[in-house]
Amino acid sequence: MKPIFLSLLLLPVIASAQPAPLPIAPQLAAKSYLLYDYTSNQILVNQNGDARMEPASLTKLMTAYLAFDALKHGTLSLKQKLNVPAAAVRSKGDESRMLLKAGQEVTVDELLHGLIVQSGNDAAITLAVNIAGSEAGFVDMMNTEAKRLGMKNTHFTNAVGMSDAQHYSSATDLAVLATAILHDYPQHYPLFSLRNYTFNNVAQANRNRLLWLDPYADGMKTGHTESAGFCLVGSAQRDNHRLISVMFGADTDSLRATESQKLMNFGFQNFDAVRLYQKNQPVTQLPVWKGTASHLDAGFRRDLFLSIPKGLLPQLKATMETHQPILAPIASGQQIGVLKLTLAGKPYAEFPLVALNSVPLANVFLRGWDSIRLVFQ
């Protein structure tokens, strides 16, 4: 097993990881699973994480994400009442519903509770139709957003997670989506921690048993169909360390929760998320040639955390390699080198080192003088 760094559009960290002494991950009773360290942007466990799987109601994480986006841009408001379309009250067997009625007026806030806590298909379709005009139009939005987020093994054909050969996602992609929700819409995330929701005097419990099993768990979403099995995207935070687990294809409701908890416990018990550098704080100063300044500050644009097996922090070593000579003009945020980390003498991770300030091109005289000096370097 080796740690991997998730490349996200919202967290554009270019990094790599190589073999180093790491704890042995548990083998779980599921078809595909992944443990992602949200704090360090690091995959700690990956078992078939890129395999295309049926997501069932995990689909509704994207439905919720687009609803949050509509709230952000003013297309919807929480107190706004939406009309329930006839298509939303279809009934196919035992699909989950918040028990809406066609033509009923329901607030966006109620629909979000029904979507997230009760996993209501009727809530999902009502939101989809009111946001995009039709479920098909909303599905187009879902696929566009999946592509923007870098979800490479995801394609949607409906807003609720009904089984379809062309409706699929992966554990890696759903970790990307869960991270996007946490990062972009933290104000709405508490919805995922609610254990119960009552609508029209009918109380329904959240199907995410992690919320009862683990005192640190605070989200996110379950899914189930006969063909998909029992699926779960979970999240938990201890102190300032947050992990996200994704699991597909467990055999039972209870098993998806207990196996997900095993995955979470493995991460918290075996890894520490350590802040190596603060964002926008100079790590080093580097010489610049042919610019209006002779040096620039180098560092990182966000806090740089790294998950390290417990007890191995003293064995972490850092070296910096820079692109020499550094010639102006240099833009703030431009990559000018790389931070290389070794753990117990073995390559562990790499991160881009960027300029924290810009250096414009100097005048002709200074550029000429630096050209002469460079000849003798």
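A brief report on the enclosed structure follows. (Residues numbered from 1 in each chain as written. Predicted model: local features only at pLDDT ≥ 70, side-chain atom pairs only at ≥ 80, totals over all residues. Heavy atoms only, no water.)

1. Some words on helix H2 (residues 108-116)
Defined as follows: Here's how the labels work: a residue is buried when its accessible area is under 20% of the maximum for its type, exposed when over 50%, partly exposed in between, all with a 1.4 Å probe on protein chains only. A run of H or I in DSSP counts as a helix once it spans at least four residues, and a run of E counts as a strand once it spans at least two, with each numbered from the N terminus. Contacts: residue pairs with any heavy atoms within 4.5 Å of one another.
Within H2, 7 of the 9 residues are buried, leaving the element largely enclosed by the surrounding structure. All of the buried residues in H2 are Val108, Leu111, Leu112, His113, Gly114, Leu115 and Ile116. Buried residues in H2 make contact with helix H1 (60-72), strand S4 (81-83), strand S5 (105-107), helix H3 (121-132), strand S6 (196-199) and strand S8 (217-225).

2. A closer look at the nonpolar core
In plain terms, the rule: Residues belong to one nonpolar core when they are buried, are Ala, Val, Leu, Ile, Met, Phe, Trp, Tyr or Cys, and are joined through side-chain atoms within 4.5 Å.
Grouped together as the largest cluster of nonpolar side chains are 65 residues, with contacts concentrated most on Met62, Phe68, Leu112, Phe192 and Val233. Of all hydrophobic cores here, the second largest spans 45 residues; its members include Tyr33, Leu210, Val288 and Leu312.

3. Re the environment of Gly345
Turning to its location among the elements, Gly345 is positioned in the loop between strand S16 (335-343) and strand S17 (346-355). Among the residues examined, Gly345 registers a relative accessible area of 67% and is labelled exposed. As a C-alpha pair, Gly345 and Lys317 span 28 residues in sequence and 8.0 Å in three-dimensional space.

4. A few points about the pattern of salt bridges
Just so we agree on the cut-off: Salt bridges are defined as contacts in which a side-chain nitrogen from Lys or Arg sits within 4 Å of a carboxyl oxygen from Asp or Glu.
Under the defined criterion, the tally for this structure stands at 8 salt bridges. Here Asp218 and Arg242 are joined by a salt bridge, their closest N and O atoms 2.8 Å apart. With a gap of 24 residues between them, Asp218 in strand S8 and Arg242 in strand S10 (residues 241-250) connect regions that are remote in the sequence. Take Asp218 and Arg242: they sit in the same class, and that class is buried. The closest approach of N and O atoms between Lys310 and Asp272, which form a salt bridge, is 2.5 Å. Taken together, the residues span a long stretch of sequence, with Lys310 in the loop between strand S14 (304-309) and strand S15 (316-322) and Asp272 in strand S11 (residues 271-277) at a distance of 38 residues. Residue classification places Lys310 among the partly exposed positions, given a relative accessible area of 40%. Asp272 gets classed as partly exposed once you look at its relative accessible area, which sits at 31%. Each of Arg209, Asp253 and Arg256 takes part in one network of salt bridges that share partners.

5. So, the packing of H2 against H3
Note the following rule: Note on method: axes are straight lines fitted to C-alpha atoms, helices fitted across the in-contact stretch only, with angles between N-to-C directions ranging 0 to 180 degrees. Throughout, the term roughly parallel applies to angles under 35 degrees, roughly antiparallel to angles over 145, roughly perpendicular to angles from 65 to 115, and oblique to all others. For any pair of crossing helices, the crossing counts as left-handed if the nearer helix is rotated counterclockwise from the farther one by less than a right angle, and right-handed if it is rotated clockwise. Residues are grouped as follows: Ala, Val, Leu, Ile, Met, Phe, Trp, Tyr, Cys and Pro are nonpolar; Asp, Glu, Lys and Arg are charged; every other residue, Gly included, is polar.
The geometry of H2 relative to H3 is characterised by a closest axis approach of 8 Å and an angle of 135° between their N-to-C directions. Overall, the two elements H2 and H3 adopt an arrangement that is oblique. The element H2 and its partner H3 pack so that their crossing is left-handed. Two secondary-structure elements touch here, H2 through Val108, Leu111, Leu112, Gly114 and Leu115 and H3 through Ala123, Ala124, Thr126 and Leu127. Its residues placed into classes, the contact of H2 with H3 shows 7 nonpolar, 2 polar and no charged.

6. Side note on the side chain of Ser57
Its place among the elements puts Ser57 in the loop between strand S3 (42-47) and H1. Aside from chain neighbours lying at most four places away, what touches Ser57 is Ser119, Asn121, Val160, Lys221, Thr222, Gly223 and His224.

7. Observations concerning the packing of H3 against helix H4 (residues 135-149)
The geometry of H3 relative to H4 is characterised by a closest axis approach of 8 Å and an angle of 85° between their N-to-C directions. Considering the angle they form, H3 stands roughly perpendicular to H4. Here Ile125, Ala128, Val129, Ile131 and Ala132 of H3 lie close against H4, whose contacting residues are Glu135, Gly137, Phe138 and Met141. Here the residues of the contact of H3 with H4 are counted per class, giving 7 nonpolar, 1 polar and 1 charged.

8. Notes on the pairing of S17
Applied cut-off: For two strands to count as paired, DSSP must find a minimum of two bridges between them.
For S17, a buried count of 7 out of 10 residues is recorded, marking the element as mostly surrounded by other parts of the structure. Note that S16 and S17 share 8 bridges and pair antiparallel. Paired with Lys340 across the two strands is Glu350, which belongs to S17. Here S16 folds back onto S17 in antiparallel fashion, the turn holding 2 residues, of which Ala344 has a positive phi close to 55°.

9. Considering the sheet that holds S16
In space, the 5 strands of this open sheet follow the order S12-S13-S17-S16-S15, with antiparallel pairing throughout. Two strands close off the open sheet at either side, each with one partner strand: strand S12 (284-287) and S15. The mean inter-strand angle of the sheet, taken between neighbouring strand axes irrespective of direction, is 35°. Across 7 bridges, S15 lies against S16 in antiparallel orientation. Its bridge partner lying in S16, Glu321 is registered against Val338.

10. Some points on the side chain of Asp37
Note the cut-off: Charge counting treats Lys and Arg as positive and Asp and Glu as negative, with His and both chain ends excluded. Here a polar contact is taken to be a pair of N or O atoms separated by no more than 3.5 Å, where protein atoms must pair a possible hydrogen donor with a possible acceptor and residues adjacent in sequence count only if both atoms sit in side chains.
Here Asp37 shows up in strand S2 (residues 32-37). Nearest to the buried, unbridged Asp37 among oppositely charged side chains is Arg242, at 9.1 Å. Polar side-chain contacts of Asp37 include one of 3.0 Å to the backbone nitrogen of Thr39. A distance of 3.1 Å separates a polar atom in the side chain of Asp37 from the backbone nitrogen of Ser40. Setting aside chain neighbours within four positions, we find Asp37 in contact with Gln42, Leu44, His241, Arg242, Leu243, Ala273 and Ser307.

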